[in-house]
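Survey of secondary and tertiary structure
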Amino acid sequence: MTKPKKDVKFQHRERRLSRGSDSPTEGRSTSRANGAKSPVRNGHPTRPDYGRQDTGMTEGWATEDEKAPQQTAQEEYAKKKQTFITRTIWTLVMIAVFFGAMFAGHIYMIIIVTALQIVSFNEVIAISNVPMRARSLQFTKTLNWYFLGTTMYFLYGESVIYYFKHIVLIDKVLLPFATHHRFISFMLYVMGFVFFVGSLQKGHYRFQFTQFAWTHMALYLIVVQAHFIMNNIFEGMIWFFIPVSLVITNDIFAYIVGITIGRTQLIKLSPKKTVEGFVGAWLFTVLFGFGMTNILMRYKYFICPVNDLGANIFTGLECVPNPVFIAHTYQVPFVPPNWTHLPTTVQISPMQFHIFVMATFASLIAPFGGFFASGLKRTFNIKDFGDSIPGHGGITDRMDCQFIMGFFAFMYYQSFIAVYRASPGSVIETAITSLTPEEQVEV
């Protein structure tokens, strides 16, 4: 056995000795000093606590462990900072694109809404897809996109015929498609349905029917509701901009009020949502709605229905304003007799009453669209629907509340606000539909 060299010291061994020992063997276990195997091999602790106090060392195993938490904290801070910068930049980009398109004209907003619904549809159907099975089934994705195309053909056709019948019904080429649009749409859907049944394969029935049901759910929750948002644009830019801005405002103030005074959790699906933020955001959203509506009502570009797709903020639009935008005089229901300094009448446009209802829906009901999306993401154990927008996630993550809000705005407008007047298009439609097919072709 080789003899150890004299006067050679090993610092890592000295640190393991007790402070009062002079011999390298003191402080060790008896079994180790007698040449026995290390206790760690027998399943016992490898090192007792010797009260190490030599923390002045610049290097060593303990110092490296102390550096790790500091590096991790720095990396986490740098990551959050980069995410914040990316999120801010893309937020400004989206705001610029939104207002630029809105001022450029209705057709550009329609293009943006169409692109958003297509991307959202793709994100939603993607989270239920199983790539291995999809590769073995040749027509799974093809059918998804076929049903999307069929649905969009039906919905867009309905809108074009309704709002531009004075153009469509007098065109020799478009007339047959306009008069038989619904039957054509139905037959296109039936063809897809038959093709789906014919493509069923043994061993994949559950997956194929799951995809079929999932596709139809996405069509209803995204494509159909987005279609009504597009109709809001045709009815007047204000019916598109106000609902969208109400949801955004509510989301912002729910966050601000929540982190300021929020204490009570609202719903388990979104642990960060608080009751205080929920109620506080409603109050701020109502105030924002009153102020923004009062501004937009002064410009016909926002309140007039679309009669020229080439119009923009500079050319404007001309129309007879809807009565809801005209101020009315209302009698104050109760004024104390001694309060003679108070007015007995007020002038206010009916639109302010309607905007209160819309702001309330945007604050108290529309957020449940976001809660629904949160539950869906938890079901599939994903954080975001996609990564279409850097720093924000997917398009669906930003549109989850907008779909149901736009749907409500259209239904509310048609039920309580819309004024139905005879137009050249409606007169032409009545005349055309009363003719025989031969007479329609002659016309």
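Residues numbered from 1 in each chain as written. Predicted model: local features only at pLDDT ≥ 70, side-chain atom pairs only at ≥ 80, totals over all residues. Heavy atoms only, no water.

A full pass over the atoms with the stated rule returns 29 aromatic pairs. Judged by centre distance (5.4 Å) and plane angle (85°), the ring pair of Phe-98 and Phe-99 falls under edge-to-face. Members of the aromatic cluster, connected to one another through ring pairs, are Tyr-146, Phe-147, Tyr-189, Phe-193, Phe-196, Phe-209 and Phe-212. Over the face of the ring belonging to Tyr-162 we find Lys-165, whose NZ or CZ atom lies 4.6 Å from the ring centre. (Phe/Tyr/Trp six-rings, centres within 6.5 Å; stacked < 30°, edge-to-face > 60°. Lys NZ or Arg CZ within 6 Å of the ring centre and 35° of its normal.)

This part is about unusual backbone geometry. Within the chain, Asn-381 stands out as a residue other than glycine whose phi angle is a positive 55°. Relative to the helices and strands, Asn-381 is located in the loop between helix H15 (367-379) and helix H16 (395-417). (Helix = DSSP H or I, 4+ residues; strand = E, 2+ residues; numbered from the N terminus.)

So, about the pattern of salt bridges. This structure, assessed with the given rule, holds 4 salt bridges. One salt bridge in this structure joins Arg-182 and Glu-158, with 2.9 Å as the shortest N-O distance. Highlighted residues: Arg-182 in helix H9 (residues 181-198) and Glu-158 in helix H6 (residues 140-163), separated in sequence by 24 residues. Here Lys-300 makes a salt bridge to Glu-318, at a shortest N to O gap of 3.4 Å. Here Lys-300, found in helix H13 (residues 300-303), pairs with Glu-318, found in the loop between H13 and strand E3 (328-331); they are 18 residues apart in sequence, far enough to count as distant. (Salt bridge = Lys/Arg side-chain N within 4 Å of Asp/Glu carboxyl O.)

Enumeration over the complete set of coordinates arrives at 1 disulfide. Between the sulfur atoms of Cys-304 and its disulfide mate Cys-319 the distance is 2.0 Å. Here the S-S torsion is close to -80°, and the disulfide linking Cys-304 with Cys-319 is therefore left-handed. With a gap of 15 residues between them, Cys-304 in the loop between H13 and E3 and Cys-319 in the loop between H13 and E3 connect regions that are remote in the sequence. (Disulfide = S-S within 2.5 Å.)

On to the environment of Phe-353. With respect to the element layout, Phe-353 can be found in helix H14 (residues 350-364). What makes Phe-353 partly exposed here is its relative accessible area of 44%. If we ignore the near neighbours within four places in the chain, the residues touching Phe-353 are Tyr-330 and Ile-348. (Buried < 20%, exposed > 50% of the residue type's maximum accessible area, 1.4 Å probe, protein only. Contact = heavy atoms within 4.5 Å.)

When pLDDT drops low, the exact placement of atoms in the prediction is not to be read closely. Residues of the protein chain with pLDDT of at least 70 account for 77%, and the chain-wide mean is 81. When pLDDT is averaged over each helix and strand of the protein chain, the minimum, 42, is found for helix H2 (residues 30-33) and the maximum, 96, for H9. (pLDDT = per-residue confidence, 0-100.)

Take H16 next. The terminal C-alpha atoms of H16 lie 31 Å apart, and with 23 residues this matches the ideal 33 Å at 1.5 Å per residue to within 8%. Of all the bends in H16, the largest measures some 35° and sits at Cys-401. Taking burial as the measure, the 23 residues of H16 include 18 buried ones, the bulk of the element. (Expected span 1.5 Å × (residues − 1). Bend = angle between axes of the 7 residues up to and from the residue.)

A few words on a positive patch on the surface. A surface patch of positive charge is lined by Lys-79, Lys-80, Lys-272 and Lys-383. Its relative accessible area of 72% is what places Lys-383 among the exposed residues. (Patch = residues over 30% accessible without salt bridge, like charges linked within 9 Å, V, L, I, M, F, W, Y side chains within 5 Å. Areas by Shrake-Rupley, 256 points an atom, 1.4 Å probe, with all protein chains shown as cover. Lys, Arg positive; Asp, Glu negative; His and termini not counted. Charge placed at Lys NZ, Arg CZ, Asp CG, Glu CD.)

What follows concerns the packing of H14 against H16. Where H14 meets H16, the closest approach of the two axes is 11 Å, and the angle between their N-to-C directions is 155°. Compared by their axis directions, H14 and H16 come out roughly antiparallel. For the crossing formed where H14 meets H16, the hand is right-handed. Between H14, through His-354, Val-357, Met-358, Phe-361 and Ala-362, and H16, the contact on the second element is made entirely by Ile-404, Met-405, Phe-408, Ala-409, Tyr-412, Phe-416 and Ile-417. For the contact of H14 with H16, the residue count by class is 11 nonpolar, 1 polar and no charged. (Axes fitted to C-alpha atoms, helices over the stretch in contact; angles between N-to-C directions. Parallel < 35°, antiparallel > 145°, perpendicular 65-115°, else oblique. Left-handed = near helix turned anticlockwise from the far one by under 90°. Nonpolar A, V, L, I, M, F, W, Y, C, P; charged D, E, K, R; others polar.)

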